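Take a look at the letters that make up each chain.
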Amino acid sequence: MGGAVFIAAAEITAFLAARDASPLLAAGSVVIDIVPQWAKELAIELFGANDKLFLLVTLGVGVLVVDAAAGVLERRRRWAGVAVFAVAGVAGLIATTTRAGATPLSALPPLIGALAGSAFLNASIGALRRWHAAEVADSGASRTDRRRFLLLTAVGAVTAIVAGTGARIGTMATSSVAAVRRALRLPEPLSKVTVPAGAELDIPGLSPLFTPNADFYRVDTALSVPSIAPADWRLTVDGMVGRRVELGFDELLHMGLREYAVTLTCVSNQVGGNLVGTARWLGVPVREILDLARPAEAADMVLSRSIDGFTASTPLDALTDPTRDAILAVAMNGEPLPLEHGFPVRMVVPGLYGYVSATKWLTQMTVTTFEKDQAYWTPRGYSAQAPIKLSSRIDTPRIDKAIVPGPARIAGVAWAQTVGIERVEVQIDGGPWRSAALSAPVSKDTWVQWFLDWNATSGTHTLVVRATDRNGRMQDQERTPIAPNGSTGWQSTVVRVGAAG
Ligand SMILES: Nc1nc2c(c(=O)[nH]1)N[C@H]1C(S)=C(S)[C@@H](COP(=O)(O)O)O[C@H]1N2
Ligand SMILES: [Mo]
């Protein structure tokens, strides 16, 4: 039970003194950074969006095992169990104090946790010893000693669980940043996205043109969502620049916000996958900020950094290109960025996978070179540069939902950011390729919806989709995995058509 007291005391201290220094979460983040790529992919494969929950449960089980071991050791030899907690405390200390954004206070939760856990272990094992000694001596005190031990353990366990969970929930819910975000009013944008007639098709089962924030995929290495109040947010632009620039949130807003419709895509998106979404982003062009800093001639990359230490390497010319709307975004689909999507400021760069461009909780942009600096995913098996590959997806019919015979509508989305989609074709049962109808594009950086009407006959049918971009380039047919720079291949799906009922 000492382990539970350890964790609980650490969580309470974290709640009171150092919100970002939970030893358990810090240890989890260390695990995320050091496990090999195949293990990460396996976890995502097996648990999907619950991969972080799985990690936490595993850590929790680990705590129980260490806890039991400490108890057994302490029973055998005084201080042996305490030594285990001391080691755990030092490990926690290393984890919390080496995380990006750590302060001296970050040392407190693991220290106080280890002290409280050890004190409790010492007291409970002491009580256990007295009880056993009394039992061996067959003295009348045996019953009171037993009661004392059981009471101590039960009270310790319940207090630890209630107070520890309470403190964690408190840390997450009263995070004042959530309240600040709710109260935040952004200035009117200088321009808004115009959605042409026919941009949004109304077909059951088809992805909406703009992905609601609540449904927008989330991918990051952050075990707990970083919380930065706009008032505390500062962006530093440094490195190979003529002038080092520092910018606060209000200064950024004063540069003038414009709205852009951009489809974001994750390099981990499998063919037919859903790690892709479109939003209306409100932001300031990155080139306007870089203009203030005057990048050196020899520079070719911007290493953007998040408050939690994540970094992305973006080609400098993608950020300065006047025809590409790379922005520092502050809003998503008409509201301030949700905390999980990078509040208060993130990057959005059309045409580049998120891991090389879309840094959330942005705090620093260092102008540098690809030769000199590496981003988070580069030594972990992913390319330093990664343009999004043009792709298409079938949303309906779904493989797991039979449809009735008769007129049916096959529909989906297709994207080729910075270029635009020219054509989407569908092949049914190996027959001729048929051109699908396309929605009116909102911009070259936005996906289009497509559909094809079909007379579905009873039986099982195979559907294949492929897209061609406005440069006349067709989507690659060859299947390649997501590493090192994005999957390719035409999505093929099977539809069951059967009589209703
Ligand atoms: N700070 C931070 N920003 C990050 C990441 C991250 O791990 N940490 N992941 C990137 C990746 S891989 C993608 S695909 C996008 C996803 O953005 P979203 O979660 O808002 O959809 O964020 C990018 N920005
Ligand atoms: Mo990603």
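Quick notes on the rules
- Residues numbered from 1 in each chain as written.
- Chains lettered and ligands numbered in written order.
- Predicted model: local features only at pLDDT ≥ 70, side-chain atom pairs only at ≥ 80, totals over all residues.
- Heavy atoms only, no water.
- UniProt positions renumbered as here; feature names shortened; annotations may be inferred.
- Helix = DSSP H or I, 4+ residues; strand = E, 2+ residues; numbered from the N terminus.
- Near = heavy atom within 4 Å.
- Polar contact = N/O pair within 3.5 Å; in protein donor to acceptor, adjacent residues only side chain to side chain.
- Areas by Shrake-Rupley, 256 points an atom, 1.4 Å probe, with all protein chains shown as cover.
- Nonpolar A, V, L, I, M, F, W, Y, C, P; charged D, E, K, R; others polar.
- Buried < 20%, exposed > 50% of the residue type's maximum accessible area, 1.4 Å probe, protein only.
- Pairing = 2+ DSSP bridges.
- Contact = heavy atoms within 4.5 Å.
- Phe/Tyr/Trp six-rings, centres within 6.5 Å; stacked < 30°, edge-to-face > 60°.
- Lys NZ or Arg CZ within 6 Å of the ring centre and 35° of its normal.
- Axes fitted to C-alpha atoms, helices over the stretch in contact; angles between N-to-C directions.
- Patch = residues over 30% accessible without salt bridge, like charges linked within 9 Å, V, L, I, M, F, W, Y side chains within 5 Å.
- Salt bridge = Lys/Arg side-chain N within 4 Å of Asp/Glu carboxyl O.

Draft legend 1. Representation of the UniProt feature "transmembrane region" (unreviewed entry) in the protein in the model. According to UniProt, the feature "transmembrane region" (unreviewed entry) maps to residues 52-73, 80-102, 108-128 and 149-167 in the numbering used here. Strand forms 0% of residues 108-128 and helix 100%; the C-alpha atoms that close the span are 30 Å apart.

Draft legend 2. Inspection of the site of ligand 1 at higher detail. Looking at ligand 1, there are 19 residues lining it, with Tyr217, Thr221, His341, Arg346 and Lys360 nearest. Threonine 221 places a polar main-chain atom, nitrogen or oxygen, 2.9 Å from an oxygen atom of ligand 1. Between ligand 1 and arginine 346, the relevant distance is 2.7 Å, taken from an oxygen atom to a side-chain nitrogen or oxygen of the residue. A total of 530 Å² of accessible area belongs to ligand 1 in isolation, and the protein chains cover 99% of it. Tallied by class, the residues present in the shell around ligand 1 amount to 9 nonpolar, 5 polar and 5 charged.

Draft legend 3. Expanded view of the pairing of strand β10 (residues 362-368). Taken across its 7 residues, β10 has 6 buried, putting it largely inside the fold. Summarising the sheet, strand β5 (residues 301-306) and β10 pair through 6 bridges and their orientation is antiparallel. Across the sheet, the residue bridging to serine 306 is leucine 362, located in β10.

Draft legend 4. Structural context of the sheet that holds strand β15 (residues 437-438). Spatially, 4 strands are ordered β11-β12-β16-β15 in an open sheet, and the strand pairing comes out antiparallel. The sheet is open, and its two borders are formed by β11 (391-396) and β15, each paired with just one other strand.

Draft legend 5. Region of interest: the side chain of threonine 311. The residue threonine 311 is located in strand β6 (residues 311-315) in this model. In this structure the side chain of threonine 311 is engaged in a polar contact, spanning 2.8 Å, whose partner is the backbone nitrogen of tyrosine 376. Setting aside residues up to four positions removed in sequence, threonine 311 forms contacts with Leu303, Ser304, Arg305, Tyr355, Gln374, Ala375 and Tyr376.

Draft legend 6. Molecular detail of the packing of aromatic side chains. This structure, assessed with the given rule, holds 9 aromatic pairs. Here the aromatic rings of tryptophan 433 and tryptophan 490 are separated by 5.3 Å at their centres, their planes lie at 80°, and the arrangement is edge-to-face. Taken together, the residues span a long stretch of sequence, with tryptophan 433 in strand β14 (residues 433-435) and tryptophan 490 in the loop between β17 (459-469) and β18 (492-497) at a distance of 57 residues. Geometry around tryptophan 79 places arginine 78 over its ring, the cationic atom sitting 5.9 Å from the centre. Taking the ring centre of tyrosine 376 as reference, the NZ or CZ of arginine 380 above it sits at 3.8 Å.

Draft legend 7. Local environment of the sheet that holds strand β13 (residues 421-428). Strand order in the open sheet formed by 4 strands is β14-β13-β17-β18, with antiparallel pairing between adjacent strands. The open sheet is flanked by β14 and β18, the only strands paired with a single partner. Direction aside, neighbouring strands of the sheet carry axes that sit 30° apart on average.

Draft legend 8. Here's a closer look at a nonpolar patch on the surface. On the surface, Trp38, Leu42, Leu46, Phe47 and Phe54 cluster together into a nonpolar patch covering about 540 Å² of accessible area. The element best represented in the nonpolar patch is helix α3 (residues 37-47), accounting for 4 residues.

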